[in-house]
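Listed below are the residues making up each chain.
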Amino acid sequence: MATANPFSDPLRFERRVPECAIVIFGANGDLTKRKLLPALYRLAHDRRLPESFAIVGNSRTAMTDEAFRERMCDSVKQFSEDTEFDPALWDRFSRNIHYVAGDMNDPALYTALAAKAEATGQKNMLFYLSTQPSYYGTVVDGLGQAGLNRCEGGWRRIIVEKPFGHDLSSAHALNQHLQQVFPERETYRIDHYLGKETVQNIFGFRFGNGIFEPLWNRRYISQIQITAAESIGVEGRGAYYQEAGALRDMIQNHLLQVMATIAMEPSAVFESDAVRDERAKLLRSIRIMKPEDVPRYSVAGQYKGFREEEGVNPQAQTDTYAAATFYVDNWRWAGVPFFIRSGKKLPKRVTDIAIQFKAAPLALFGEGSGEPNTRPNLLILRIQPEEGISLRFLSKEPGEGMRLRPVSMDFNYGTSFGERSPSAYETLLMDAMQGDATLYTRQDMVEASWKVIQPILEDWGNRKFTFPNYEPGSWGPAEADAMLGRLGLKWRNS
Ligand code: BG6
């Protein structure tokens, strides 16, 4: 008699992962530990995985299956903040966790992986590139040469972690390389911001309601600010970060994708390519800065103390803060500035989008406070941490006369739904295993967003900045305020 699948509850969930294995390259790294294993464990906990679901980890370190399972067990305990550790569940889940040590340059690794994968009995396989980006090409070639990239009667997919390239030409070269081995429809470029519930909800908010979309354009909106602030520094990632910087690390990918989601046209259907076509179209409509405009429309910053961080060159010109003004050259958005900023060691961790609507044409009752934090006609989409949406408007103060004061109408995810939201990695892993690429970026989208930041990279690469130029715990360099000040505007300090 067939035994019931302990990871699956047929009554509770619609979406379940098909029979498959995930092969993780870079399994000894931080991402596997902090994000991937906790996400997979949570999917098992929520009974979304088939019982035979297998994980095969690879890195260079020699380790037995048992030792790898123990490490993964520790990670799940440490990083599954909102999921209680269930020893019985772990016991069943970890039986299908395997490990293959080996050098990614060595063809024997791929033969060993093929043998291990075959032993799991799975035809469908998802390869996860979580290694140093310089190995992406090597692994893709290794998989291709071992014939692991295709399978009769099953699927083979690949997830590529960020950074996807270092600039436009390296991103283009990587795309070409990948396409020789995996077709585009089996290639999943991950951007974890797109998997966040609050970013997905931008679709729901804009296109599920009839009341916002008519106002969502240049006639009613005067400016949009997108902020991703972090209070932490580089946290031991100095060596990676000094080569990347905030513009590449956050703006080229996460924040341009958020901007595209805010500004795209509605797609006719909610299907992977239809949605991605619209996002791509938006990214292609962002005005490319002329070299002479870059200093006016972008600001680089570096916090005091960055150069003393471990692994960082004491003369590093890395931007730990980046801000830019973008314009979208289409009928909906012509002339509306999109201000985007991201930085480390800012006063708090907050990611939000502030959509400033135009003021009433006549100030019948006098002006409300002009300060950005109390200004009315403001819609704030809070991505994290206090996920929700606020609408700020003027209201009459009680009492005599007609004195108006800004007030807020607030929606808060936690209190409204009272349930846990899945992490971005749970959503995205689930999607890839089900073959749904809606929340993954496509080749044309990645290249379009590199095109947008390429002039800034080139200008910054040729300049010698006087860094550091902001204090840890401040809102970044004074030049960022000046960038908005020239338009008579201010940042909203969230
Ligand atoms: C990563 C960046 O992609 O996103 C990190 O490499 C950054 O530098 C992180 O800290 C932020 O993600 P989140 O989900 O914490 O906003």
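Scroll up for the structure.
These remarks concern the structure in this document. Just so it is clear, the structure is predicted and the values come from calculations on it, not from any experiment. (Residues numbered from 1 in each chain as written. Predicted model: local features only at pLDDT ≥ 70, side-chain atom pairs only at ≥ 80, totals over all residues. Heavy atoms only, no water.)

**Digging into the overall build of the chain**
Regarding its fold elements, the chain presents 14 helices and 14 strands. Scaling as 2.2 N^0.38, a compact globule of 494 residues should have a C-alpha radius of gyration of about 23 Å, and the chain matches this with 24 Å. Based on the C-alpha atoms only, the size of the chain along its principal axes is roughly 80 × 55 × 40 Å. Taking all 494 residues of the chain together, the buried fraction comes to 53%. (Helix = DSSP H or I, 4+ residues; strand = E, 2+ residues; numbered from the N terminus. Rg over C-alpha atoms; globule rule 2.2 N^0.38 Å. Buried < 20%, exposed > 50% of the residue type's maximum accessible area, 1.4 Å probe, protein only.)

**A word on the site of the ligand**
As a matter of local geometry, the ligand sits amid Lys-162, His-192, Tyr-193, Lys-196, Glu-230, Arg-237, Asp-249, Met-250, His-254, Lys-344, Arg-349 and Gln-384. One of the side-chain N or O atoms of Lys-162 is found 2.8 Å from an oxygen atom in the ligand. At 2.7 Å from an oxygen atom of the ligand is found a side-chain nitrogen or oxygen belonging to Lys-344. No other element matches the three residues that helix H8 (residues 238–263) contributes to the shell around the ligand. Grouping the amino acids of the shell around the ligand by side-chain chemistry returns two nonpolar, three polar and seven charged. (Near = heavy atom within 4 Å. Polar contact = N/O pair within 3.5 Å; in protein donor to acceptor, adjacent residues only side chain to side chain. Nonpolar A, V, L, I, M, F, W, Y, C, P; charged D, E, K, R; others polar.)

**Details of helix H12 (residues 424–434)**
For H12, the buried fraction is high: ten of the eleven residues fall into the buried class. Buried residues of H12: Ala-424, Tyr-425, Glu-426, Thr-427, Leu-428, Leu-429, Met-430, Asp-431, Ala-432 and Met-433, and no others. Each element contacted by the buried residues of H12 is listed here: strand S1 (21–25), helix H1 (30–45), strand S4 (125–129), strand S5 (156–160), strand S6 (187–189) and helix H7 (197–208). Gly-435 sits one or two positions beyond H12 and adopts a positive phi of about 80 degrees. (Contact = heavy atoms within 4.5 Å.)

**Thoughts on the packing of aromatic side chains**
According to the stated counting rule, one finds 25 aromatic pairs in the structure shown. Summarising the aromatic geometry, the rings of Tyr-241 and Phe-306 are spaced 6.2 Å apart at their centres and angled 70 degrees between planes, so their arrangement reads as edge-to-face. Taken together, the residues Tyr-241 in helix H8 and Phe-306 in the loop between strand S8 (298–301) and strand S9 (321–326) connect sequence positions 65 residues apart. Just as Tyr-241 is buried, Phe-306 falls in that class too. Summarising the aromatic geometry, the rings of Tyr-413 and Phe-417 are spaced 5.8 Å apart at their centres and angled 50 degrees between planes, so their arrangement reads as tilted. Placement of the pair is Tyr-413 and Phe-417 together in helix H11 (residues 413–417), with a separation of four residues, close to one helical turn. Owing to a relative accessible area of 11%, Tyr-413 belongs among the buried residues under this scheme. (Phe/Tyr/Trp six-rings, centres within 6.5 Å; stacked < 30°, edge-to-face > 60°.)

**Digging into the sheet that holds S6**
Strand pairing in a sheet takes place through backbone hydrogen bonds and is either antiparallel or parallel in direction. Sheet architecture is open: six strands sit in the order S3-S2-S1-S4-S5-S6, paired in parallel fashion. Edge strands, defined here as strands with exactly one partner in the open sheet, are strand S3 (97–101) and S6. Going from strand to strand, the sheet's axes swing by 20 degrees on average, the running direction of each strand aside. The sheet contact formed by S4 and S5 spans five bridges and is parallel. Within S5, the residue paired with Leu-126 across the bridge is Arg-157. Here helix H2 (residues 65–79) sits on the sheet and contacts strand S2 (54–59) and S3; the angle it forms with S3, its principal contact strand, is near 115 degrees. Contacting S1, S4, S5 and S6, H12 crosses the sheet at an angle of about 150 degrees to S5. (Pairing = 2+ DSSP bridges. Axes fitted to C-alpha atoms, helices over the stretch in contact; angles between N-to-C directions.)

**Focus: helix H9 (residues 272–285)**
End to end, H9 covers 20 Å across 14 residues, agreeing with the expected 20 Å (1.5 Å per residue, within 8%). Its buried side turned inward, H9 meets H7, H8 and helix H13 (443–462). (Expected span 1.5 Å × (residues − 1).)

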